[in-house]
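A closer look at the structure
Given next are the chains, with one letter for each unit.
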Amino acid sequence: MAELKKEQGPVDATPNVSEVETVDAVTEAEAVAAIDAPVSQGEPILQVRNLVKHFPLTQGILFKKQIGAVKAVDGISFDLYAGETLGIVGESGCGKSTVAKLLMTLERATAGEVFYKGQDITKLSGRALKAVRRNIQMVFQDPYTSLNPRMTVGDIIGEPFDIHPEVAPKGDRRRRVQELLDVVGLNPEYINRYPHQFSGGQRQRIGIARGLALNPEIIICDEPVSALDVSVQAQVINLMEKLQDEFNLSYVFIAHDLSIVRHISDRVGVMYLGKMAEIGTDTQIYDHPTHPYTQALLSAVPVPDPSAREGRERIILTGDVPSPANPPSGCRFRTRCWKAEERCATEEPLLAIPERFVSAATPAAHESACHFAEEKDVVHAA
Amino acid sequence: MTTIDKTAHVPAPRESVSGDGPLLDVRDLHVEFHTRDGVAKAVNGVNYTVSAGETLAVLGESGSGKSVTAQTIMGILDMPPGKITQGEILFRGQDMLKMSNEERRKIRGRKIAMIFQDALSSLNPVLTVGYQLGEMFRVHQGLSRKDAKAKSIELMDQVKIPAAAARISDYPHQFSGGMRQRIMIAMALALEPDLIIADEPTTALDVTVQAQVMDLLAELQREYNMGLILITHDLGVVADVADKIAVMYAGRIVETAPVGELYSRPAHPYTRGLLDSIPRLDQKGQELYAIKGLPPNLTRIPAGCAFSPRCPKAQDICRTEIPPLAPVTEQDGLELVGRGSACHFWKETIHG
Amino acid sequence: MPDTTALTKSTDASAAAAQTPTTTDSGPAPGKPRSLWSDAWHDLRRNPLFLVSMVLILLLTVMSIFPGLFTSASPRDANLAEHYLQKPNWGHFFAPDWLGYDVQGRSIYARLIYGARASIMVGVIVTIAVTITGLVIGMLAGYFGGWIDTVLSRITDVFFGVPFIVGAMVILTTFEERSVWVVILSLSFLGWTSIARVARGSVITIKQADYVVAAKALGASTTRIMTRHILPNAIAPVIVVATIALGGYIAAEATLSFLGIGLAEPTVSWGIDVSAAKDQLRNVPTVLIIPSVMVSITVLSFLMFGDAVRNALDPKMR
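All residue numbers refer to position in the chain's written sequence, counted from 1. Think of it this way: whatever chain is written first is A, whatever ligand is written first is 1, and the rest follow in order. With the structure being a predicted model, the display of local features is reserved for residues of pLDDT at least 70 and the display and counting of side-chain atom pairs for 80 or more, all residues being used for whole-chain, interface and lining totals. Only heavy atoms go into the side-chain values, all of them from the structure, while hydrogens and water stay out.

Chain C is annotated in an unreviewed UniProt entry as ABC transporter, permease protein 2 (Cluster 5, nickel/peptides/opines) from Streptomyces globisporus. UniProt positions are given in the numbering used here, feature names are shortened, and annotations may be inferred rather than shown by experiment. Chain C has a UniProt comment under Subcellular location (unreviewed entry) that states "Cell membrane". Under the Sequence similarities (unreviewed entry) heading, UniProt states for chain C: "Belongs to the binding-protein-dependent transport system permease family."

Looking up chain A in an unreviewed UniProt entry gives the name Oligopeptide ABC transporter, ATP-binding protein OppF (TC 3.A.1.5.1), with the organism given as Streptomyces globisporus. The Sequence similarities (unreviewed entry) field of the UniProt record for chain A holds the comment "Belongs to the ABC transporter superfamily."

Laid out in structure tokens, this is it:
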């Protein structure tokens, strides 16, 4: 497995701490050099700033006229630190999957920046973009559609090497693929099998092996276990944690299952209707949530423990998520919020540490986009 | 081959309200599918009962046979490839498998209704919601168009769809996922059935909406004193609403228990493994416990206990003899009402 | 119904569960490598429809390539004096006079054998041509979308709007010499539209699949995505449409030849023979019936073949 291991030099040996700051590389070669430089543990490896993605709504057949836009992601900012797992939770339509696509540069951002080691990847193209793609990989939700049914497992996991031939010499590829199969807990002899011969959990392992092939630094996981059975979910989660330690990976873990996100994440961001509602460490978010939406979300999670069923406060939200094409003014959550006042309709709350907690040394002092942020434990039985 | 004993060994935790036996009694049901790779034994001797006002949760992973059982009860199993090889399904004491198609059709919808996971594909996209709801009354009760419409609005109010009168002429795609699932519930309720089978009713919904829909379902069940079979893979959803649980694995019921008991003291290694493998919301855990291996291929179910290849407690006997669903007792032999475990070593599992 | 789908999925993955706990994931150990193509072949081999049509098609193909194997007589030797409309001699199997002689005094049996070439050639070559054209146009339209799709789809619609036989007649009348190649050209020119539509549709579905997104995320080039991911997955429905259409092209050739606008003498074609014998139904019905039956058998074998292929490649359509 030696080849697959990242070089883990001493932390202070990192030569380019300054380059982590947002420096625009002049030439493509400089950009590639910056992208390939290592980042030390605990430094931000990905910095997202005011990221926006609007999908235009058009009318007319021949002359298309824009009549509006679906504001899938509407100005979100966060950092991903090297070696950590950042969980992103939210309900369907909150824009979390669009964030994944933007980080993968599979969609062009409408506005905002994504800095990867100082390079704004939303503006890169050509060789520099290809270098970024080598370092940021993805694991998909549906193991049944994410593998090409006409290709063998060996071809699927080996495809990254065909696209980036510099990573592995041709003669070495078969061995590398078998190593990868072994790493994700599959029999290396399965190299000539086809995806439909495997079960969901095994297919997800194949998808993970493909993601690992190029020794990436970041893996974006979009609902990687939600299509799997409970007993298989735990296997895949454990595998992902093991791989993170082994290869010093940073994960962006997007999911709707709050229990799984807590388990795997170091920090968690809660999204609602294209905005980040609250972000903090797992303890801050789960044990000391200050945003009403986070509280409602957490309180709604059915916990497999009937004894906790009585003691927990449940906040049942009324109504549905508004359309992202026409979000409410001010705070987006106000239409379903029990605390909403007039101010919420006129003034948009910013994602910041609430004033009342700023100077206090409390776990409630984390970024929350609410005018009336207050702590409320909804997870533990009273 | 040993089959699971009759349910008589495992008395229901709650007597039926009317006192004249259970609403539904499934006895020793076997269902097979004929596929190219051989015969897939999807259901291998399932027994369960549901009484009026009672919620039975059938818990299992994909391929456990939980949905196939439900489809067989509803009479909507695709045959072929499906085939019922053995068993009885007694509805109020009458075996539905021996009834004529006409008799079964009368029970379906009127007495037993079903709610599906995917409400969008279960509703006809080219007909208005009002028409589809009203159809139930027009066809089954012969109401006029006007009366049927009035009844439909009433029904939509009952499942708490806001502005029901205004939305009755909307099409399914104009509703959100949660609202569509409410419409499905309304359709199931239309003829005031005695029993509702809900197959993963909230799996496709968001957490906050899930809670709303589950609450609604529980509330309506109480109001109408219906029996409810809730089929799910989600241990969390079950904990909130069920009275008793049947855990299925590879086409068999491996454990039955009242809801509280199952979570606090599982008597089957599979149940225990499942409970241990879900991460907790209220604390950050260490490495998750993972049941090793994968669920069996139904065309080649292992000999003996189907769970034995994955079981940490498996002994030689587990690989040769199928364990019957035995009544579970306290250490001193005191009977635990409604509990059963199909494990040779249930004593060690629950008390050990 | 989640359970039944899960069931078919799990039965697809072959081999017993947990037999070989080789690694941490001791799941179903898949047996031999089994591609979707080999699965389809497995189904095909067991389909009597396929076996019957395959035998017929093979026979017809051999006939068209090596007609000399079946008869020593020439289809163009005319002896009006001796053989004018001579009745069949049913006892003389495979002899020139077995099925009698036509109005020109030519051996019907020989013409039956030699007529296969025109039909098979037109059918097969037109199918290949329209498949390639249709695939290219459909894939470009489906993959790139936008104005490319608009332009290509409108062109397809225009061609689709032309009635097939009438269109071919118009084209053929502009040619003085109507060889097999001219017929092939005119049919190919009009026939690609249905393939293009099918290809476009399946490309649009496939380009949204996660495995295509995954390839893009890896930085794969457009060519790579098209050839490695989209084409192999889009081709199955195209093959189905093409094989079923093949019979149609053979029928079209016979129709055109019958109408006197398709192939012309001295080319040997069943269509021409039917046309020449159309007044003899009352006198010597075999002159008319034999070439007609040959056309029917050929068209039917390809339709059956297409049907069998569809069942194998797309079991859901059954």
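The structure having been displayed, the exposition proceeds.
Observations regarding the UniProt feature "domain: ABC transmembrane type-1" (unreviewed entry) in chain C
With numbering matched to this structure, UniProt assigns "domain: ABC transmembrane type-1" (unreviewed entry) to residues 116-306 of chain C. Annotation note: span residues 116-306 of chain C, helix share 82%, strand share 0%, distance between end C-alpha atoms 19 Å. What counts as a helix is a DSSP run of H or I of at least four residues, what counts as a strand is a run of E of at least two, and both are numbered from the N terminus.

Some points on the nonpolar core
Definition used in this section: a nonpolar core is a set of buried Ala, Val, Leu, Ile, Met, Phe, Trp, Tyr and Cys residues joined via side-chain atoms within 4.5 Å. Relative accessibility thresholds used throughout: buried, under 20% of the residue-type maximum; exposed, over 50%; partly exposed, between the two (1.4 Å probe, protein chains only). Ile208(A), Leu212(A), Leu243(A), Phe253(A) and Ile230(C) are the most contacted members of the largest nonpolar core, which has 115 residues in total. Here the limits of each domain have been adopted from an automatic or database domain assignment. Built from parts of two domains, this core gets at least three residues from each of domain 1 (9-265) and domain 2 (289-368) of chain A. Whether two residues touch is decided by their heavy atoms; if any such pair falls within 4.5 Å, the residues are in contact. Not counting residues up to four positions away in its chain, the partners in contact with Ile208(A) are Val139(A), Val184(A), Val236(A), Leu239(A), Met240(A) and Leu243(A).

Focus: the domain arrangement of chain A
All names here are of chain A. Partitioning chain A into structural domains gives domain 1 (9-265) and domain 2 (289-368). Each of domain 1 and domain 2 has a C-alpha centre, and these two points are 29 Å apart. Taken together, the contacts link 11 residues of domain 1 with 11 residues of domain 2. Taken together, both faces of the contact between domain 1 and domain 2 bury some 850 Å²; the carbon and sulfur share is 60%. Two parts placed together each lose some accessible area under a 1.4 Å probe, and the buried area is that loss summed for both. When residues of domain 1 are sorted by the area they lose upon contact with domain 2, Lys-71, Glu-91 and Leu-258 head the list and together hold 55% of the total. Take a side-chain nitrogen of Lys or Arg and a carboxyl oxygen of Asp or Glu: if they are within 4 Å of each other, that pair is a salt bridge. Joining domain 1 to domain 2, the criterion identifies two salt bridges. A salt bridge links Arg-332 to Asp-74; the nearest nitrogen and oxygen atoms lie 2.5 Å apart. The definition of a polar contact used here is a pair of N or O atoms within 3.5 Å, where within protein one atom must be able to donate a hydrogen and the other to accept one, and adjacent residues in sequence count solely through side-chain atom pairs. Counting across the interface, domain 1 meets domain 2 through three residue pairs in polar contact (both at pLDDT 80 or more). Within the residue set of the side of domain 1 that touches domain 2, elements represented by two or more residues are strand S2 (65-81) and helix H8 (258-264). Top contributing element to the side of domain 1 that touches domain 2 by residue count: S2, with five residues. Residues are grouped as follows: Ala, Val, Leu, Ile, Met, Phe, Trp, Tyr, Cys and Pro are nonpolar; Asp, Glu, Lys and Arg are charged; every other residue, Gly included, is polar. Residues of the side of domain 1 that touches domain 2, tallied by class, amount to five nonpolar, three polar and three charged.

A look at the UniProt feature "transmembrane region" (unreviewed entry) in chain C
Residues and elements named next belong to chain C. Per the UniProt entry, the sites bearing "transmembrane region" (unreviewed entry) are residues 49-70, 120-146, 158-175, 181-199, 234-252 and 288-309 in this numbering. For the annotated span residues 158-175, helix accounts for 78% and strand for 0% of the residues, and the straight-line distance between the end C-alpha atoms is 23 Å. Within the segment residues 288-309, helix and strand shares are 100% and 0% respectively, and the terminal C-alpha atoms sit 32 Å apart.

Points about the sheet that holds strand S3 (residues 55-59) of chain B
All names here are of chain B. Two strands qualify as a pair provided DSSP detects at least 2 bridges between them. Strand order in the open sheet formed by eight strands is S6-S7-S8-S3-S9-S10-S12-S11, with mixed pairing between adjacent strands. Each edge of the open sheet is held by one strand with a lone partner, namely strand S6 (112-115) and strand S11 (326-329). Averaged over all pairs of adjacent strands, the angle between strand axes in this sheet comes to 25°, irrespective of strand direction. Across three bridges, the pairing between S11 and strand S12 (residues 335-341) is antiparallel. Each residue of the ladder has a partner; that of Pro-327, found in S12, is Gly-340. Lines are fitted to the C-alpha atoms to define the axes, a helix being fitted only along its stretch in contact, and any angle between axes, read from their N-to-C directions, falls within 0 to 180 degrees. Lying on the sheet, helix H11 (residues 269-277) is in contact with S3, strand S9 (244-249) and strand S10 (252-258); it crosses S9 at an angle near 100°.

Some thoughts on the environment of Thr55(B)
Residues and elements named next belong to chain B. Secondary-structure assignment places Thr-55 in strand S3. Separated by 167 residues in sequence, Thr-55 and Arg-222 have C-alpha atoms that sit 10.0 Å apart. In contact with Thr-55, not counting residues within four places along its chain, are Gln-221, Leu-228, Val-241, Ala-242, Asp-243 and Lys-244. Within the local environment of Thr-55, its side chain forms a polar contact with the side chain of Gln-221, the two groups lying 2.8 Å apart.

As for the interface of chain A and chain B
Residue-level contacts link 45 residues of chain A with 44 residues of chain B. Together, the buried faces of chain A and chain B total about 3600 Å²; carbon and sulfur atoms form 57% of this surface. The interface formed by chain A and chain B includes one salt bridge. Counting across the chain A and chain B interface gives seven residue pairs in polar contact (both at pLDDT 80 or more). Residue composition of the side of chain A that touches chain B, grouped by class: 20 nonpolar, 13 polar and 12 charged.

Points about the confidence of the model for chain A
Averaged over chain A, the pLDDT score is 83; the fraction of residues at 70 or greater is 90%. Confidence drops under pLDDT 50 across residues 1-23 of chain A; counting only partners more than four residues distant or on other chains, this segment forms 41 contacts. pLDDT expresses how confident the predictor is about each individual residue, on a scale running from 0 to 100.

Re helix H5 (residues 145-158) of chain B
All names here are of chain B. To estimate how far a helix should reach, multiply one less than its number of residues by 1.5 Å. Between its terminal C-alpha atoms H5 stretches 20 Å, which fits the 20 Å expected from 14 residues at 1.5 Å a residue. In the core, the buried residues of H5 are packed alongside helix H4 (129-141), helix H6 (164-167) and helix H7 (177-189). In the stretch just after H5, Lys-160 is the one whose phi turns positive, near 60°.

So, the sheet that holds strand S1 (residues 44-59) of chain A
Residue and element names in this part refer to chain A. The strand order across the open sheet formed by four strands is S2-S1-S4-S5, and the pairing between neighbours is antiparallel. Taken across any chain shown, the strands that pair with only one partner, and hence form the sheet edges, are S2 and strand S5 (119-120). In this structure, S1 lies alongside S2, joined through 13 bridges in antiparallel fashion. Across the sheet, Pro-56 pairs through a bridge with Ala-69, a residue of S2. This element, helix H2 (residues 96-103), spans S1, S2 and strand S4 (111-116) of the sheet and lies at about 75° to S2.

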